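As a plain string of letters, each chain reads:
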Amino acid sequence: MKAIVLVGGFGTRLRPVTYAVPKQLIPVAGKPMLYHVLDLLPPDVEEVVLATGYKADLLAAYVKAHPVRWPVRTVPEAEPLGTGGGMRNASAGLSDPFFLLNSDVLASADLGRMRSVHAAHGGVGTMALYEVDDPRPYGVAALGSGDRITAFVEKPEPKDAPSRWINAGIAIWRRDVIDRVPAGRAVSFEREVVPGLLAEGVYGFRLSGYWEDAGTPERILHAQRLLFDDHRGGPGGVPPGARGTGPVATMGAFSAREASFGPYVTLGEHVTVEPGAHVENSILMDGVAVGREAHVEGSVVGPGARIRATHRVVGQVLGEDAEA
Ligand code: GDD
Ligand code: MG
């Protein structure tokens, strides 16, 4: 089987970091979000096709420089085609069936088992579903007998949400669903195509364990805690010469002597945390410098940003080269 991964969104809810870096390359628990998504794929997947748009060149260069176990190809779109248009644009040579993954969902999921479930029911698609308290920001499914999906509403009004089981952004589809996506314009697969496929048999695959859409600052940090707790977060201890508690994932050279760390931190390459500074529950991207006695907590700090001595940065998103 092949996989299409949708990587074209603008990451608007993670601005200003995403002005410089596509959301999928923001490191979470020691590696870019996209790479945690790819980790879910079964080892025998033949090819991963990244349907790219925004910052396509950066993504293509990154995956070339950081290969994974599967061959990866990027297929850029000239203008945003939405989830449906993006998958259609990337569909040449696709397998039947194929995996379709959003690139911002961090989860525990057994896609090998999902593939068996899909083969057994013989329908047109299988969507991984996750139960949440508030389904409004997601696509929501109603389930009938045998977990067949009987209704699907994208981002419903509260009164219209048919259940609390949401589209987890991980699915298997028969190849010919591509033909149902109108050509030549932006198409939301979830709004415009999925409801019309239900009559042919779309089944839910209920996920247990954890799941998060890492599209906002709060959620990306929550996802990072989940991944660390699941031991998917790299080496993990407090860096040599520093104090405090891990997990702390380091992605390259850094300097953190006499700094202190709370739990759940990612340090990109060439990060400097000066003596007496404290960092917790945060992501510091490449080249970030934290001054003496500064305090960084609950924040996503873009590449090259500088935080002055004694300053407090709490619950913030700082863009590339920002000064705080
Ligand atoms: N190629 C391409 N082109 N990809 C796109 C485009 C586009 O124009 N727009 C969005 N994407 C990608 C995003 O990068 C992301 O990986 C995925 O498609 C979904 O887009 P989001 O913008 O993150 O959508 P969402 O989070 O509001 O909703 C989607 O995900 C939810 C689960 O996280 C939907 O699939 C919901 O049904 C689902 O519940
Ligand atoms: Mg999303």
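It should be emphasised that the depicted structure is a prediction, and the values quoted were computed from it without experimental measurement.

A. Geometry of the packing of aromatic side chains. A full pass over the atoms with the stated rule returns six aromatic pairs. Taking the centre distance of 6.1 Å and the plane angle of 45° together, the rings of phenylalanine 228 and tyrosine 264 count as tilted. Taken as a pair, phenylalanine 228 in helix 7 (residues 217-229) and tyrosine 264 in the loop between strand 17 (260-261) and strand 18 (265-267) lie far apart in primary sequence, 36 residues in all. Cluster of aromatic residues (ring-pair linked, three or more members): Tyr130, Tyr138 and Trp211.

B. Here's a closer look at the site of ligand 1. In the region of ligand 1, 26 residues are neighbours, and Glu77, Glu154, Asn167, Glu190 and Asp213 sit closest. One of the backbone N or O atoms of leucine 6 is found 2.8 Å from an oxygen atom in ligand 1. Separating an oxygen atom of ligand 1 from a backbone N or O atom of asparagine 167 is a distance of 2.7 Å. Contact with the protein chains removes 90% of the 740 Å² of surface that ligand 1 exposes when unbound. Those elements that provide at least two residues to the shell around ligand 1 are strand 1 (2-7), helix 4 (82-89) and strand 13 (211-213).

C. How the structure looks around the coordination of the magnesium ion (ligand 2). Here the magnesium ion (ligand 2) is held by Asp104 (OD) and Asp213 (OD), and the distances to it run 2.1 to 2.4 Å. On the criterion of sequence distance, the pair formed by aspartate 104 in the loop between strand 6 (98-102) and strand 7 (105-107) and aspartate 213 in strand 13 is long-range, its members being 109 residues apart. Of the two residues, aspartate 104 and aspartate 213, both sit in the buried class.

D. Spotlight on the sheet that holds strand 21 (residues 282-284). An order of 15-18-21-24-27 is seen for the five strands of this open sheet, with the pairing classed as parallel. The two strands at the open ends of the sheet, each matched to only one other strand, are strand 15 (248-250) and strand 27 (317-318). Sheet analysis places strand 21 next to strand 24 (residues 300-301), joined by two bridges and oriented parallel. If you follow isoleucine 283 over to strand 24, its bridge partner there is valine 300. Against the sheet, helix 7 contacts strand 15, strand 18, strand 21, strand 24 and strand 27, and its axis sits at roughly 95° relative to strand 21.

E. Representation of the domain arrangement of the protein in the model. For the protein, the assigned domains read domain 1 (2-229) and domain 2 (243-318). Opposite the 19 residues of domain 1 that make contact, domain 2 presents 17 residues. A buried area of about 1400 Å², summed over both sides, lies between domain 1 and domain 2, and 78% of it is on carbon and sulfur atoms. The largest per-residue losses of area from domain 1 upon contact with domain 2 belong to Pro27, Leu221 and Phe228, which jointly make up 36% of the total buried on that side. Scanning the region where domain 1 abuts domain 2 turns up zero salt bridges. In this assembly, domain 1 and domain 2 are joined by seven residue pairs in polar contact (both at pLDDT 80 or more). Only strand 2 (27-28), strand 3 (31-32) and helix 7 provide two or more residues apiece to the side of domain 1 that touches domain 2. The element best represented in the side of domain 1 that touches domain 2 is helix 7, accounting for seven residues.

F. Layout of the pattern of salt bridges. Scanning the model with the defined rule gives 17 salt bridges in all. Arginine 219 is paired through a salt bridge with aspartate 213; the nearest N and O atoms lie 3.6 Å apart. According to the relative accessible area criterion, arginine 219 is buried, its value standing at 16%. Accessibility expressed as a relative area gives 11% for aspartate 213, which makes it buried.

G. Highlighting the side chain of serine 103. Mapped onto the fold, serine 103 is located in the loop between strand 6 and strand 7. Here the side chain of serine 103 touches leucine 6 through a polar contact of 2.7 Å, landing on its backbone oxygen. Polar side-chain contacts of serine 103 include one of 2.8 Å to the side chain of glutamine 24. In this structure, serine 103 is in contact with Val5, Leu6, Val7, Gln24, Met33, Leu34 and Val37, ignoring residues within four places of it in sequence.

The rules behind each value
- Residues numbered from 1 in each chain as written.
- Chains lettered and ligands numbered in written order.
- Predicted model: local features only at pLDDT ≥ 70, side-chain atom pairs only at ≥ 80, totals over all residues.
- Heavy atoms only, no water.
- Phe/Tyr/Trp six-rings, centres within 6.5 Å; stacked < 30°, edge-to-face > 60°.
- Helix = DSSP H or I, 4+ residues; strand = E, 2+ residues; numbered from the N terminus.
- Near = heavy atom within 4 Å.
- Polar contact = N/O pair within 3.5 Å; in protein donor to acceptor, adjacent residues only side chain to side chain.
- Areas by Shrake-Rupley, 256 points an atom, 1.4 Å probe, with all protein chains shown as cover.
- Donors = N, O, S within 2.8 Å, 3.2 Å for Na, K, Ca; no water.
- Buried < 20%, exposed > 50% of the residue type's maximum accessible area, 1.4 Å probe, protein only.
- Pairing = 2+ DSSP bridges.
- Contact = heavy atoms within 4.5 Å.
- Axes fitted to C-alpha atoms, helices over the stretch in contact; angles between N-to-C directions.
- Domains from an automatic or database assignment.
- Buried area = accessible area lost by both parts, 1.4 Å probe.
- Salt bridge = Lys/Arg side-chain N within 4 Å of Asp/Glu carboxyl O.

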